[in-house]
Amino acid sequence: MFNTTEVYIVAHSLVPGSRHYEKGLKELFAEAFLKVLDQVGNANLGAIYVANAFSEVLQDQSVLGAYLMDYVGLRRIPAIRIESGDGSSGIAVLEAYNMVKAGIYDCVAVVGVEKMHDVINVKLNKALSTITDYEYEGFFGVTPAAQAAMAMKEYMIKYGYDYEDLAIWPIKMHERGSKNPLAYMKKQATLKDVLESEVVADPLRLYDVAPAVDGSAAVVLCNKPLKSDAVIRIDGIGVGAYGTYTGQRDSLTELYSVRDAANMALRMAHASISDVSLAEVHDTYSILGMLALESMGLVRPGETPRLLSAGTLDVGNKLVINASGGLKSMGFPGGASGMYELALMVMELMNVKPFESLGRAELGIVQDMAGFDLVSTSIVLRRVG
């Protein structure tokens, strides 16, 4: 008989991204995990999934879950580290969801944690290059930033935009971040700021790049609500994949794994893309945020810069994009990026600080992605009660 167990997010926490030189990977994990543990009280946690991308490179540590759990004094609960590059969080949530949905565990915690600093830039760049096909791309200097730059160039040519048109993404994300006390980048940005910032990989500039941060975030998934007031239910979750080598792609302006993951999640949720009122998308680079919106079907291809400029995707409209400021303002905590998005979406749907202005939105979608369209997940959340 098909298991009809529903899955709820009953607790969430987020450690704002920063250069946390005073905290190691274990301390960042403990801060996020113990906060959700306090919220759920005596909930029977069957397992913990740890989303992390770079611990072998940045901390010289494998079997990460066991060491993190030992640090918080829990030695009999399985802790499974999930690695899928900067898309690790979405896959970790998928695994946790499946375990609760199947009835194997009543409750499962998912913690995303990454310590990006305390290493020299050469080592950090080496870690980031592992997201590419290292034998054919990373080894020869093709970085994720270079891939994003190529996509941005093709997008500009295909839809007739100048760079100034695409600069609206970081301008809007910084505007949102300036109103979000959880954001790492709280400074608003002008067109002049963006245009005068350093070229990272032409035409990509510094303001197009989400800043690397140390951070952690956590949620607890259970098969029933643990409180009587409004809660968040996972109505759908999907995963999609595409090829690795950038040179073999059919297009640089379509994210096929993103499209497939969103379609799967929406089908599971018995919803259409037009039902979505809030979205948090993976914008490690400005162009990836734009392409995610269009590949998911939230925005027609080539329309994102125009709609952003017109304010159509701002708070107060039917569809609000990255109300948090996205990774561009929150910061890029590697494999914990998707957990940032998920925790923020829970807060947005719950209409809590600093997101009271969003009203009583009911349906939101979170999009996480590894690399340039390698593996993507979409999670459809609904406010119930």
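For the structure, see preceding data.
The paragraphs below set out a description of the structure included in this document.

Conventions we followed
- Residues numbered from 1 in each chain as written.
- Predicted model: local features only at pLDDT ≥ 70, side-chain atom pairs only at ≥ 80, totals over all residues.
- Heavy atoms only, no water.
- Phe/Tyr/Trp six-rings, centres within 6.5 Å; stacked < 30°, edge-to-face > 60°.
- Buried < 20%, exposed > 50% of the residue type's maximum accessible area, 1.4 Å probe, protein only.
- Helix = DSSP H or I, 4+ residues; strand = E, 2+ residues; numbered from the N terminus.
- Pairing = 2+ DSSP bridges.
- Contact = heavy atoms within 4.5 Å.
- Polar contact = N/O pair within 3.5 Å; in protein donor to acceptor, adjacent residues only side chain to side chain.
- Disulfide = S-S within 2.5 Å.
- Core = buried A, V, L, I, M, F, W, Y, C linked by side-chain atoms within 4.5 Å.
- Axes fitted to C-alpha atoms, helices over the stretch in contact; angles between N-to-C directions.

Some words on the packing of aromatic side chains
The geometry of an aromatic ring pair is captured by two quantities: the separation of the ring centres and the angle between the planes.
Move 1: Within the structure shown, the criterion is met by 6 aromatic pairs.
Move 2: On the basis of an interplanar angle of 80° and a centroid distance of 6.5 Å, the ring pair of Tyr134 and Phe139 is categorised as edge-to-face.
Move 3: The exposure class of Tyr134 is partly exposed, given its relative accessible area of 32%.
Move 4: Judged by relative accessible area, Phe139 falls into the exposed class, the value being 57%.
Move 5: Taken together, the ring pairs in this structure connect Tyr134, Phe139 and Phe140 into an aromatic cluster.

Some details on the pairing of strand 1 (residues 8-18)
Move 1: Among the 11 residues of strand 1, 8 are classified as buried, and the element is accordingly described as predominantly covered.
Move 2: The sheet contact formed by strand 1 and strand 8 (residues 231-241) spans 2 bridges and is antiparallel. Residue pairing across strands places Tyr8 opposite Arg233, the latter belonging to strand 8.
Move 3: Relative to strand 7 (residues 214-222), strand 1 runs antiparallel, the two being bridged by 8 bridges. Among the inter-strand pairings, His12 is bridged to a residue of strand 7, identified as Val219.

A word on the environment of Ser251
Move 1: The topology assignment puts Ser251 in the loop between strand 8 and helix 10 (256-268).
Move 2: Sequence spacing of Ser251 and Glu154 is 97 residues, and the spatial spacing of their C-alpha atoms is 8.9 Å.
Move 3: Apart from the residues within four sequence positions on either side, Ser251 is in contact with Glu154 and Tyr256.
Move 4: Only 3.0 Å separates the side chain of Ser251 from the backbone nitrogen of Thr253, close enough to count as a polar contact.

Description of the state of the cysteines
Move 1: Per the stated rule, a full pass over the model turns up 1 disulfide.
Move 2: Each sulfur in the disulfide pair Cys107 and Cys222 lies 2.0 Å from the other. Between Cys107 and Cys222, the S-S dihedral sits near 115°, and the bridge is therefore right-handed. Highlighted residues: Cys107 in strand 4 (residues 107-114) and Cys222 in strand 7, separated in sequence by 115 residues.
Move 3: Using a relative accessible area of 5% as the deciding quantity, one classes Cys107 as buried.

Brief notes about the nonpolar core
Move 1: Ile287 and Leu298 are the most contacted members of the largest nonpolar core, which has 52 residues in total.
Move 2: Taken together, the elements giving at least two residues each to this core come down to helix 6 (144-159), helix 7 (163-166), helix 8 (168-177), helix 10, helix 11 (286-296), helix 12 (304-310) and strand 11 (363-370).
Move 3: Apart from the residues lying within four places of it in its own chain, the contact partners of Leu298 are Ile273, Val276, Ala279, Leu293, Leu319 and Ile365.

Structural notes on the sheet that holds strand 8
Pairing between the strands of a sheet is mediated by backbone hydrogen bonds and can be parallel or antiparallel.
Move 1: Spatial ordering of the open sheet is given by 3-2-4-7-1-8-12-11-9-10, a layout of 10 strands whose pairing is mixed. Strand pairing shows two members of the sheet lacking a second neighbour, strand 3 (79-82) and strand 10 (320-321), which therefore form its edges.
Move 2: Relative to strand 3, strand 2 (residues 45-51) is paired through 4 bridges, and the arrangement is parallel. When the sheet's bridge partners are listed, Val50 is paired in strand 3 with Arg81.
Move 3: Of the strands in this sheet, strand 1, strand 2, strand 4 and strand 7 are in contact with helix 1 (residues 25-40), which crosses strand 1 at around 150°.
Move 4: Sitting on the sheet, helix 11 touches strand 10, strand 11 and strand 12 (375-384), and the angle it makes with strand 11 is about 125°.

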